[in-house]
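# Breakdown of the fold
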Amino acid sequence: MAVTKETEAGSDLDSCLDSDLAKTTREPWGQASCKPAQDDQLRRERRLMKNREAARECRRKKKEYVKCLENHLAMLENQNKTLIEELKALKYIYSHKGQ
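Cut-offs and rules
- Residues numbered from 1 in each chain as written.
- Predicted model: local features only at pLDDT ≥ 70, side-chain atom pairs only at ≥ 80, totals over all residues.
- Heavy atoms only, no water.
- Helix = DSSP H or I, 4+ residues; strand = E, 2+ residues; numbered from the N terminus.
- Buried < 20%, exposed > 50% of the residue type's maximum accessible area, 1.4 Å probe, protein only.
- Areas by Shrake-Rupley, 256 points an atom, 1.4 Å probe, with all protein chains shown as cover.
- Salt bridge = Lys/Arg side-chain N within 4 Å of Asp/Glu carboxyl O.

### Observations concerning the overall build of the protein
The helix and strand inventory of the protein stands at two helices and two strands. In the protein, the succession of α and β elements from N to C terminus is α-β-β-α. Counting only residues that meet the buried cut, the protein has 0% of its 99 residues in that class. As displayed, the protein has an accessible area near 9700 Å², and 58% of this comes from carbon and sulfur atoms.

Pasting the structure below:
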């Protein structure tokens, strides 16, 4: 018996149906429902979209945090510069006071 394209297609259909039967679940009211591949694809797209939004928010927060650190660094550098100048002035006053 030769295998034709029709019987191959029929066996592909049977295997597809068997895999769909594995996904069959019972609803609370006793009716069986199949989860088509579209639902899986939709769930995947929603998950990916949610993940993109979370990643975007994470990058935004990181930028904000880095900007805050840079501002703090600039403030500390200015404070350090002021303190160094004050120290130099006090050293000058102290060194000339004894003369």
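### Topic: the pattern of salt bridges
For the structure shown, the criterion picks out three salt bridges. Arg43 is the partner of Asp40 in a salt bridge, and the nearest nitrogen-oxygen pair spans 3.0 Å. Linking Asp40 with Arg43, this pair stays in helix 2 (residues 37-97), spanning three residues, or about one helical turn. Of the residues examined, Asp40 reaches a relative accessible area of 29% and is grouped as partly exposed. A relative accessible area of 44% means that Arg43 is categorised as partly exposed. Glu64 is the partner of Arg60 in a salt bridge, and the nearest nitrogen-oxygen pair spans 3.1 Å. In this pair, Arg60 and Glu64 both sit in helix 2, four residues apart, roughly one turn of the helix. The network of salt bridges with common partners includes Glu57, Arg60 and Glu64.

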